[in-house]
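Results of the structural survey
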Amino acid sequence: MDDTPLLEMQDIRKTFPGVVALDRVNLRVHAGEIHALVGENGAGKSTLMKVLSGVYPAGGHDGRILFEGREQAFAGIADSERLGIIIIHQELALVPLLSVTENLFLGHEIARHGVLQPGPAHQRALQLLKRVGLDIDPATPVGRLGIGQQQMVEIAKALAKDVRLLILDEPTASLNERDSQALLDLLIGLRAQGIACILISHKLNEIARVADRVTVLRDGSTIETIDCRVEPVGEDRVIRAMVGRTMAERWPPRTARPGEVVFELRDWCAHHPQQPERRVIDRVSLQVRAGEVVGIAGLMGAGRTELAMSVFGRAWGTRISGQALLHGRPVDLSTVQRAIAAGLAYVTEDRKGCGLVLDQDIRFNTPLANLPGVARAGVIQPGQEHAVASDYRERLRIRSSGVDHRTLNLSGGNQQKVVLAKWLFTRPEVLILDEPTRGIDVGAKYEIYTLINQLAAEGKAVILISSELPELLGMSDRLYVMNEGRFVAEMPTAEATQERVMRAIVTAAPRAA
């Protein structure tokens, strides 16, 4: 292989307010190379690729990007695509109601003198589909295709743009074993044609099969690059490189005293709402005791949020089956209202989009999940509303000028406290916390952790979902490890390590199609 790289990223540094997302990251990719990029959630992989593709334009980050030896300054995705740098995100950018042909050439339609040419477009689509191994009618609406076929259409779409460097973000996360193997075979074929590929994946068995080199990121920095053609990629080595930071003492102390089983799931299943044939949650069983904090670990796409939302009033999913029990008795969770009435609360991972009405104040948001608690004869009582909001503002130490303070103008940590206040006012027995400390500073995190401990001490059954393994290990009493919609391991946190959790994920047997 020529020593001159197709792509070179030098000392890339990207910051957000209060956060260093990338710190002097270096990456070299050669033509005709499959280069794997690995690391935990939050390591900086996707941020680095957004810098490369122009999603984060030049001027918003430091460092240099060289493509074929020439320094580049991408103002947007269109600039990088003109050079043949194409990124395919985990959430596919296809329009379900449009045909395969229309999706392939969306934004760069085949036209003559401003008039679309359906015949030539159809023929070109057939060529591209053959190149990726798809034997389908290009007139088929994309929404009728399976997820594996849609992934291949995305790659065909990249080939239509004369791709030189293909970036794939977790391309097999939603695929079954057969479709995953087909996609990996295609990448090997593209490599033989001189096309370079950056593969972001947590599946070390797939990386070992196809990658020429592996670069490990951790906490926004480059840890090492392993040449797989010189030395074998050992899972233990990659896992240690991915999670090898020390644990800081930043967890408030708590003595766990779990009581009786409060909440239980048995063989819980849920299918994708747009793809009913695709089972996303696969026979999950879970128990949570009074006074216990149970963590759910897993990588992006594992199904953690989908599980939580399918349980909480079937807010996500279709063809949901299985049994939910509260204190050993079956409980009806078929609607959000019934789930709340049964004693469940769900703190969403998206506090701004789903947790709060940002244009409204603390007083408005606090009682939203329990309006009868501040009403009389169906009419909201402003005085009671104010009293409830003031009580929780004081108890949760929400920093604001008062309960009339707009939530939009609160810090992330204080916004999260308002979301917690909203659900605590429902007086739940089971509290599901989905990424409760995402996007908040260290001081606010400690306060949230202290609150979680207080809730457990009061006998609440707490389910904690987090992408941060140190957080789960520091806050949970017991841990479930989730992968591809299933629980693949369960362990007391006292016996868990980051390496053991990551190993359970990457060595889990693939789910059957």
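Residues numbered from 1 in each chain as written. Predicted model: local features only at pLDDT ≥ 70, side-chain atom pairs only at ≥ 80, totals over all residues. Heavy atoms only, no water.

Here the focus is the packing of aromatic side chains. On inspection of all chains with the given rule, the structure shows five aromatic pairs. Geometrically, the ring pair formed by Phe312 and Trp423 is edge-to-face, given 5.4 Å between the ring centres and 85° between the ring planes. On the criterion of sequence distance, the pair formed by Phe312 in the loop between α9 (304-311) and β16 (318-326) and Trp423 in helix α14 (residues 412-424) is long-range, its members being 111 residues apart. Relative accessible area serves as the criterion here: at 5%, Phe312 is assigned to the buried category. Geometrically, the ring pair formed by Tyr480 and Phe487 is stacked, given 4.6 Å between the ring centres and 20° between the ring planes. Here the aromatic cluster, defined as three or more aromatic residues joined through ring pairs, consists of Phe312, Tyr346 and Trp423. (Phe/Tyr/Trp six-rings, centres within 6.5 Å; stacked < 30°, edge-to-face > 60°. Helix = DSSP H or I, 4+ residues; strand = E, 2+ residues; numbered from the N terminus. Buried < 20%, exposed > 50% of the residue type's maximum accessible area, 1.4 Å probe, protein only.)

Here the protein chain is partitioned into domain 1 (7-248) and domain 2 (257-343 + 428-512). When each unit is reduced to the centre of its C-alpha atoms, the spacing between domain 1 and domain 2 is 31 Å. (Domains from an automatic or database assignment.)

Relative to the 20 Å expected for 14 residues at 1.5 Å per residue, helix α13 (residues 382-395) spans 20 Å between its end C-alpha atoms, a close match to the ideal helical length. Along α13, the residues that are buried comprise Glu385, Val388, Ala389 and Tyr392. Burial along α13 is one-sided: seen end-on, the buried residues are contained in an arc of 95°. When the buried face of α13 is taken as reference, the exposed residues oriented beyond 90 degrees from it are Gly383 and Glu394. Tucked inside the fold, the buried residues of α13 contact α12 (362-365), β20 (379-380) and α14. (Expected span 1.5 Å × (residues − 1). Arc of directions from axis to C-beta. Contact = heavy atoms within 4.5 Å.)

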